[in-house]
Structures are given as C-alpha cells and as structure tokens.
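Summary of the model geometry
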Amino acid sequence: PPWAVTGKEAAGGVVVDLRNTGGMRPGRRYQGKIRKALRALRQNNKGEIFWWLAAGDKLVELPKDDEADGILFSANTSPWCGGGSGGWRAGSVAGGRWRREVKNLLARYPCTRVILHFDLRGREITPDGEVRILPAGSCRALRLFQPGQRQRLADGWLQLQSGSGEKEHKFIIADRNTLREIFAGVDRLNLRGVFLTGIQGLEGALMKEAAQF
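Below is a short write-up of the structure. (Residues numbered from 1 in each chain as written. Predicted model: local features only at pLDDT ≥ 70, side-chain atom pairs only at ≥ 80, totals over all residues. Heavy atoms only, no water.)

Notes on the pattern of salt bridges
In plain terms, the rule: One speaks of a salt bridge when a side-chain nitrogen belonging to Lys or Arg is within 4 Å of a carboxyl oxygen belonging to Asp or Glu. Secondary structure elements follow DSSP: runs of H or I no shorter than four residues count as helices, runs of E no shorter than two count as strands, and numbering proceeds from the N terminus. Burial status follows relative accessibility: with a 1.4 Å probe on protein chains alone, a residue under 20% of its type maximum counts as buried, one over 50% as exposed, and anything between as partly exposed.
This structure, assessed with the given rule, holds 14 salt bridges. The residue Glu67 makes a salt bridge to Arg39 at a minimum N-O spacing of 3.1 Å. Of this pair, Glu67 sits in the loop between β2 (49–54) and β3 (70–74) while Arg39 is found in helix α1 (residues 29–43), placing the two residues 28 residues apart along the sequence. Judged by relative accessible area, Glu67 falls into the buried class, the value being 1%. Judged by its relative accessible area of 30%, Arg39 is partly exposed. Salt-bridge contacts for Glu181 lead to Arg99; the nearest nitrogen and oxygen are separated by 3.9 Å. Pair noted here: Glu181 is in helix α4 (residues 176–186) and Arg99 is in helix α2 (residues 97–106), with a separation of 82 residues, a long-range link. When its relative accessible area of 23% is taken as the criterion, Arg99 is described as partly exposed. Connected through salt bridges with shared partners, the residues Arg99, Asp155 and Glu181 form a single ionic network.

Focus: the side chain of Gln161
For the record, the criterion: Two N or O atoms form a polar contact when they lie within 3.5 Å of each other; inside protein one atom must be a possible hydrogen donor and the other a possible acceptor, and for residues adjacent in sequence the pair counts only when both atoms belong to side chains. Whether two residues touch is decided by their heavy atoms; if any such pair falls within 4.5 Å, the residues are in contact.
Inspection of the secondary structure puts Gln161 in strand β10 (residues 158–162). Given a relative accessible area of 15%, Gln161 falls into the buried group. A distance of 2.6 Å separates a polar atom in the side chain of Gln161 from a polar atom in the side chain of Glu168. Residues contacting Gln161, with those up to four places away along its chain left out, are Pro147, Gly148, Gln149, Glu168, His169 and Lys170.

Concerning the environment of Asn45
Here Asn45 shows up in the loop between α1 and β2. Within polar-contact distance, the side chain of Asn45 engages the backbone nitrogen of Gly47 at 2.7 Å.

Comments concerning helix α3 (residues 136–145)
Put simply, the rule is: Each direction from the helix axis to a C-beta atom contributes to the arc, which is the arc of those directions.
Of all the positions in α3, only Cys139, Leu142 and Arg143 are classed as buried. Along the long axis of α3, the arc covered by the buried residues comes to 100°, so they all point the same way. For α3, the exposed residues set more than 90 degrees away from the buried face come down to Leu144 and Phe145. Where the residues of α3 are buried, they touch β10 and β11 (169–173). Of the residues trailing α3, Gln146 is marked for its positive phi of about 45°.

Here we look at unusual backbone geometry
We note that Gln146 has phi near 45°; this positive angle belongs to a residue other than glycine. Given the relative accessible area of 27%, Gln146 is considered partly exposed.

Considering the packing of aromatic side chains
We count it as follows: Pairing of aromatic side chains here covers Phe, Tyr and the six-membered ring of Trp, requires ring centres within 6.5 Å, and sorts the geometry by plane angle: under 30 degrees stacked, over 60 edge-to-face, intermediate tilted.
A complete count under the given rule lists three aromatic pairs for this structure. With centroids separated by 6.3 Å and ring planes inclined at 70°, the aromatic side chains of Trp52 and Phe195 adopt a geometry described as edge-to-face. Note that Trp52 is positioned in strand β2 and Phe195 in strand β12 (residues 193–197), a separation of 143 residues in sequence. Trp52 gets classed as buried once you look at its relative accessible area, which sits at 15%.

Here's the deal with the sheet that holds β2
For the record, the criterion: Pairing between strands is defined by DSSP: at least two bridges between the two strands are required. Only the stretch in contact is used when a helix axis is fitted, and all axes are lines through C-alpha atoms; the angle between N-to-C directions ranges over 0 to 180 degrees.
The parallel open sheet is built from five strands, whose spatial order is β1-β2-β3-β6-β12. The open sheet is flanked by β1 (14–17) and β12, the only strands paired with a single partner. Adjacent strand axes in the sheet meet at a mean angle of 25°, parallel and antiparallel pairs treated alike. Where β1 lies against β2, four bridges are found, and the strand directions are parallel. Bridge pairing in β2 places Val16 opposite Trp51.

Observations concerning the pairing of strand β9 (residues 149–152)
Looking along a regular strand, one sees side chains alternate from face to face of the sheet. Examined bridge by bridge, β9 and β10 share four bridges and lie antiparallel to one another. Its bridge partner being in β10, Gln149 is matched across the sheet by Gln161. Once β9 ends, the chain turns through five residues before running back antiparallel as β10, passing Asp155 with a positive phi of about 60°.

The structure is reproduced here in structure tokens:
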C-alpha cells in the first residue's frame, strides 16, 4: 500500500485511512495483509500511528499496541436516515445515535486513545432523494439568510426547506447550536481529542463554543 514504509522514519504522527476497507475483520485475507503492513508501519515509525475508522465499519478487531497508538473515529452525526422508498427522511433516532456508537467503542477501547471526527459540511437533499455536499459558500449564505421553512433537527442540525411537492429541496447545515450539541456530548467522555472538518464559516462560533468546555 502507498503508506507502507521502509527504514526508520522521522518522528511525526501518521493517520492511516481505513474507512473504505469495510472494517477490520479476522479471517479475511485482504484484512490480514493490511494488518501485516500496519505492524510494519508501526515498527518503522517513531511517531504516533492512528487508524481512521468510521461509524458503520465492522470493528471486530481494534488496533493492538504493536499496530497503532489510537483511533480516529468518524462519528455519524447526520440527522438523516434512509427512507423506505429509497428517499431520505428525518431520523427519529438520529439524536444520540453517534453517542451510542462511541460508547460501544469505548466499552472495548480506552477513551484516552480515541479522537472523534465530526464532518460539519452542509448537505442538500434534492426532490429525487439524492444527497449532495454543499460548498462552504452556500452554507454561509444559508446560515445568514435562512430561506424557506426552518426546523431544528437532531443533535442541533438546522434544516431549511424550500419549494413543495416534486420541487421540494431540503438543506441541512451546521451552526453554533450544532457545535454546542457536539461539545456537550463529548464533554465527559475524556477523549484524546476532537477533530472537526467542514468548519469554513464556523470558525468564530467554534472558538466561542470550545471556550465553554
């Protein structure tokens, strides 16, 4: 793999993205090769090694001491879940879903070796149910003008709805309330850290909310 190394490397943290490998499961030849390469990476790198895993991965086997120093875990914060017809609807259990996922992980792995990742990019749900990632500029405009119907969803996400029927568009965006809900959820978990992406336009709110915890 491209991240395999030979020889002793200079000290520095390394994150190995394993989110597209289907999780680390025993008894599979592909995962076995990955783990062998990961152990070689650990032995040849003086810095810390973190595995990047995601909600939904089959986390049957978590990294041992000779494989990694910890986990970067992408939590499922989306307030949306698949509808029965293949579309999308507001998830009635989305609020707290990521908390349950993280608690299940922490029941098997030390909290001081876990960094949580939250993706705060906005999303558009089109009339045909397709979910699209919104550019940062569009998210800023939506937070500023808040067009259409406004509804606060699970875990602090803001839903904006425009049009109706076959022309209905929905947008979900993160704002200061979303950040507040995230920080409140992780405040007592004693984690190694928190990693946020998609924060363009939220920098000021992020600094203010982070200062409260």
